[in-house]
Amino acid sequence: QALTQNELLLYYQPKVNLRTGVVVGAEALLRWQHPELGLRAPGQFLQLVTGQPFDLALGEWVIETALSQLSTWLNQGMRLEVSVNISADHLLAEGFVAMLTSALARHPDVAPQQLELEILETGALNSMAQVSLLIADVQHMGVACSLDDFGTGFSSLTFLKQLGAQTIKIDQSFVRGMLDDGEHASIVHSVLGLARSFDRHTLAEGVETLAHGQMLLELGCELAQGYAIARPMPAAHVPDWTDQWRLPGEWA
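Every value quoted in this text rests on a predicted model; they were computed, and no experiment measured them. (Residues numbered from 1 in each chain as written. Predicted model: local features only at pLDDT ≥ 70, side-chain atom pairs only at ≥ 80, totals over all residues. Heavy atoms only, no water.)

A. Representation of the overall build of the chain. Scanning the chain from terminus to terminus reveals 10 helices and 10 strands. Relative to the globule expectation of 18 Å for 252 residues, the C-alpha radius of gyration of the chain, 18 Å, shows essentially globular dimensions. Taken along the three principal axes of its C-alpha coordinates, the chain extends 45 × 45 × 35 Å. Going through the 252 residues of the chain one by one, you find that 48% of them count as buried. In the chain, 67% of the contacts between residues at least 6 apart in sequence involve partners at least 24 apart. Total accessible area computed for the chain in this model is approximately 12,000 Å², and 51% of it derives from carbon and sulfur atoms. Where the 13 positive side-chain charges of the chain centre and where its 28 negative ones centre are 4 Å apart. (Helix = DSSP H or I, 4+ residues; strand = E, 2+ residues; numbered from the N terminus. Rg over C-alpha atoms; globule rule 2.2 N^0.38 Å. Buried < 20%, exposed > 50% of the residue type's maximum accessible area, 1.4 Å probe, protein only. Contact = heavy atoms within 4.5 Å. Areas by Shrake-Rupley, 256 points an atom, 1.4 Å probe, with all protein chains shown as cover. Lys, Arg positive; Asp, Glu negative; His and termini not counted. Charge placed at Lys NZ, Arg CZ, Asp CG, Glu CD.)

Here it is as structure tokens:
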């Protein structure tokens, strides 16, 4: 009902380079404008969907909506890259690559490189060989892939080697805790080392303070997102935010 009555929408959280200040893209995040309860975050309803057939329809809607928004921004003179979260079930569903190809074809002005699929690490573990092949197919189309929440599952060097996603997203729980917890800082440092060894990019989630950004720069992580940069916002607010964004002096 929420889908058919247009109660679902996407918010966008910018991603930036902490060293240069360049806005490198945004993550599309699902919201439900509930007619009675107001705006709901995914944690308040997504568990009802995960593992259900409706999960696939919802995932397709997210991809289509993100591509439409990219097209709108292009018409406004702004070129961004947008990442969307895809469940392993959706990625493994029959016809996923064909669906993605059709969606891109409906938006010929949007380059495939402007879209990135964020694949939850824990969801990919059970079907590593299949997910690896699908990631290769998707990247062959020009669409980027990243491993989301890296470090929260049972990660291994084999896992990192087999799944050829270009970007590793360091889970926000480690980033938020690294200022006060030496073990969290060690995990962040180790993930960055692994990424360099396997020639992967890294992006840190959960940058909530200027100190988080400073420490990430010291550790060698330049790409990040979080409340210290920007909270998720409606699509209409992104162009103005991008124009007004300035790199904090502490990071320059």
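B. Seen up close, unusual backbone geometry. Here N6, not a glycine, exhibits a phi torsion of approximately 55°, which is positive. Its place among the elements puts N6 in the segment before β1 (8-17). We classify N6 as exposed; its relative accessible area is 66%. Even without being glycine, D199 reaches a positive phi, approximately 55°.

C. Layout of the packing of helix α1 (residues 54-75) against helix α3 (residues 96-105). Two numbers describe how α1 lies on α3: the axes approach to 10 Å, and their chain directions differ by 25°. In this view, α1 runs roughly parallel relative to α3, as classed from their interaxial angle. The interaxial crossing formed by α1 with α3 has right-handed handedness. Taken together, the residues of α3 that come into contact with α1 (itself represented by E60, I63, E64 and L67) are F96, M99, L100, A103 and L104. A per-class count over the contact of α1 with α3 returns 7 nonpolar, no polar and 2 charged. (Axes fitted to C-alpha atoms, helices over the stretch in contact; angles between N-to-C directions. Parallel < 35°, antiparallel > 145°, perpendicular 65-115°, else oblique. Left-handed = near helix turned anticlockwise from the far one by under 90°. Nonpolar A, V, L, I, M, F, W, Y, C, P; charged D, E, K, R; others polar.)

D. Structural context of the side chain of E7. For E7, the location among the structural elements is in the segment before β1. No salt bridge is formed by the buried E7, whose closest oppositely charged neighbour, R40, lies at an N-O distance of 11 Å. (Salt bridge = Lys/Arg side-chain N within 4 Å of Asp/Glu carboxyl O.)

E. Local environment of the pairing of strand β2 (residues 23-34). Pairing analysis gives 9 bridges linking β1 to β2, with the strands arranged antiparallel. Looking across to β2, one finds that L9 is bridged to R31. The turn linking β1 back onto β2 is made up of 5 residues, and G21 within it adopts a positive phi angle of 85°. As defined by bridge partners, β2 adjoins strand β4 (residues 82-86) across 2 bridges and the pair is classed as parallel. Looking across to β4, one finds that A26 is bridged to V82. (Pairing = 2+ DSSP bridges.)

F. Spotlight on the nonpolar core. Residues I63, V84, L117 and L216 are the most contacted members of the largest nonpolar core, which totals 71 residues. Once residues lying within four places of it in the same chain are set aside, the contact partners of I63 are V84, I86, F96, M99, L100, A103 and L115. (Core = buried A, V, L, I, M, F, W, Y, C linked by side-chain atoms within 4.5 Å.)

G. Expanded view of the pattern of salt bridges. In this structure the tally under the stated criterion is 8 salt bridges. Two residues, K15 and E116, come together in a salt bridge whose shortest N-O distance is 3.3 Å. In this pair, K15 sits in strand β1 while E116 sits in strand β5 (residues 115-120), placing the two residues 101 residues apart along the sequence. Both residues of the pair, K15 and E116, belong to the buried class. Where K169 meets E205, a salt bridge forms, and the shortest distance between an N and an O atom there is 3.2 Å. With K169 in strand β7 (residues 167-170) and E205 in the loop between β8 (201-204) and α9 (210-219), this pair connects stretches of sequence that are 36 residues apart.

H. Structural view of the state of the cysteines. Overall, the coordinates contain 0 disulfides when judged by the stated rule. Looking at the unpaired C145, the closest cysteine sulfur is the one in C221, lying at 19 Å. (Disulfide = S-S within 2.5 Å.)

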